[in-house]
Amino acid sequence: MPRLSIRKLKDSEMKQALRLVVNSGNALMKKVNRKPWRIRITATNPFMLHLKHTDPDGCVGAFENDRMVGFASSIIRENHWYLGYLFVVPSRWSRGIGRKLLTRVIATADPNEVDLFSLCTFSYNSQAVALYSSFGMPPQSVILNLLWRRENDRKLKVRRPERKLTMKHIDDYEKLGFINKLDKRNRGVTRPEDHKFFIDDDKCELVSFYDGRKPVGYTVLYKGGWVAPVSAVDPTYLPDMVISCVRHQLDRKCKLIAFNCPGSNDVILRQLLKIGFRIDETLLLMSNKPFGNLNSYLPAHLAIF
Ligand SMILES: CC(C)(COP(=O)(O)OP(=O)(O)OC[C@H]1O[C@@H](n2cnc3c(N)ncnc32)[C@H](O)[C@@H]1OP(=O)(O)O)[C@@H](O)C(=O)NCCC(=O)NCCS
C-alpha cells in the first residue's frame with residue numbers, strides 16, 4: 001500500500017478536488033440507489049476556491065504518491081469551525097483516510113478562540129454520521145432540501161405574500177451592516193467575507209427585504225434556482241420572504257427552485273409542501289452544541305451553512 005501524505009492544496013489542484021467530490025458523491029448515490037449528481041466539471045469551482053482562499057490551512061488533500069485520494073475543506077468564521085467538504089475516493093473508503101483528514105483540518109481551530117464545531121452530512125451515510133459523532137459532533141437537526149423542477153413537477157400554487165415586501169439588490173460591500181448584524185443574531189457569527197463573494201459572483205445576487213423603510217431580512221438568489229440562505233429579523237416575516245423568492249425565481253424562468261429547510265421549521269416546511277415543493281434530500285446538521293435561530297433562518301449553501 002503506497003504511503004499516505006496529507007498537505008495543503010494549490011489553487012491548480014482544486015479542479016481535481018472537485019472531480020474527487022463528484023466521483024465520491026456519485027458512488028454514494030449509487031450505493032443508496034439515488035440518482036447521480038449531474039455536474040459537468042469544466043473548470044475550478046469558484047465557491048470552493050473562495051473557501052480555500054479564506055482558510056488556506058483548512059483546504060487539504062490526501063495523496064498516495066501523486067494521486068489525490070481524499071479532500072477536506074474547512075472554514076473558521078469568528079468562534080465557529082465548519083467543515084465544508086470531506087470526501088474520499090470510493091476505492092479507499094473505510095481505510096482511515098477520512099479520519100486522518102478530519103483530524104488534520106479540525107486542528108486548524110485554536111481552542112482558545114473556537115468553541116463551536118459543525119457540518120452537514122447525508123443522513124443515509126451512517127459511516128459519515130459515525131465518524132463526525134466520534135469527534136464530538138452528534139446530529140442536532142434534520143435539514144431538508146425542498147425542490148421543485150419546472151420540467152417534472154406540477155405547477156406551483158403560489159399565493160401573493162400577505163405583506164408587501166420590497167426586495168433590494170445589494171451590490172456594495174459598504175451595505176453589509178444590516179446583514180452582518182442579522183447573521184450574528186440568526187446564525188451566531190458574522191461572515192462578511194462570504195457576502196462579499198456573493199456580491200462579486202455573477203451566478204447569484206444578494207438581496208435584502210424591506211417592510212416599508214424597515215429592513216426585515218435578506219437572501220441569496222442563485223440564477224440556477226437555489227434560494228439559500230433566507231434570514232429574517234422575526235419568524236413571522238419568513239413565509240412572505242419565501243413566497244417573494246419563489247415568485248422571483250419563477251419570473252426568472254429558473255429550471256428548478258430549491259431551499260434548505262430545518263426540519264424543526266414546521267411553518268416553512270408545510271408552506272413549501274403545500275405549494276408543490278418536494279423533499280429531495282434529508283441531511284443532518286451535526287455540531288458539538290446547538291446554535292442558530294432556525295425558526296428565522298433557512299441555511300445557506302451547506303458547505304457554509
Ligand atoms: C464519509 C467518508 C469521508 C469517511 O472516510 P473514510 O476514510 O471512508 O472513513 P474512515 O475509515 O476514516 O473512518 C470511518 C470510521 O467510522 C466507523 N464506522 C463506519 N461505519 C460505521 C457505523 N455504521 N457505525 C459506527 N461506526 C462506523 C469506522 O469504524 C471508522 O472508525 P475507526 O476509525 O474508529 O475505525 C468517506 O467514506 C466518503 O467519502 N464517503 C462518501 C462521501 C461522503 O459521504 N462524505 C461526507 C460528506 S460531509
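Worth saying up front: this structure is predicted, and the values here are computed from it rather than measured.

Draft legend 1. Up close: the nonpolar core. In this structure, Phe71, Trp81, Tyr85, Tyr132, Phe259, Phe277 and Phe305 are the most contacted members of the largest nonpolar core, which totals 101 residues. No other element matches the eight residues that helix 1 (residues 14–31) contributes to this core. The two domains that each donate at least three residues to this core are domain 1 (4–114) and domain 2 (146–282). In contact with Phe277, not counting residues within four places along its chain, are Leu146, Leu147, Trp148, Leu156, Val246, Ile257, Ala258, Phe259 and Leu272.

Draft legend 2. Quick look at the domain arrangement of the protein chain. The domain boundaries assigned to the protein chain delineate domain 1 (4–114) and domain 2 (146–282). Counting each side, the surface lost to burial between domain 1 and domain 2 is near 970 Å², with a carbon and sulfur contribution of 48%. The tally of links between domain 1 and domain 2 comes to four salt bridges. The salt bridge partner of Lys184 is Glu78, with a shortest N-O separation of 2.8 Å. At the boundary of domain 1 and domain 2, one finds six residue pairs in polar contact (both at pLDDT 80 or more). Ranked by residues supplied to the side of domain 1 that touches domain 2, first place goes to helix 2 (residues 46–54) with five residues.

Draft legend 3. Inspection of a positive patch on the surface at higher detail. The grouping of Arg154, Lys157, Lys274 and Arg278 at the surface amounts to a positive patch. By secondary structure assignment, the location of Arg278 is in strand 12 (residues 278–287).

Procedures and definitions
Residues numbered from 1 in each chain as written. Predicted model: local features only at pLDDT ≥ 70, side-chain atom pairs only at ≥ 80, totals over all residues. Heavy atoms only, no water. Core = buried A, V, L, I, M, F, W, Y, C linked by side-chain atoms within 4.5 Å. Buried < 20%, exposed > 50% of the residue type's maximum accessible area, 1.4 Å probe, protein only. Helix = DSSP H or I, 4+ residues; strand = E, 2+ residues; numbered from the N terminus. Domains from an automatic or database assignment. Contact = heavy atoms within 4.5 Å. Buried area = accessible area lost by both parts, 1.4 Å probe. Salt bridge = Lys/Arg side-chain N within 4 Å of Asp/Glu carboxyl O. Polar contact = N/O pair within 3.5 Å; in protein donor to acceptor, adjacent residues only side chain to side chain. Patch = residues over 30% accessible without salt bridge, like charges linked within 9 Å, V, L, I, M, F, W, Y side chains within 5 Å. Areas by Shrake-Rupley, 256 points an atom, 1.4 Å probe, with all protein chains shown as cover. Lys, Arg positive; Asp, Glu negative; His and termini not counted. Charge placed at Lys NZ, Arg CZ, Asp CG, Glu CD.

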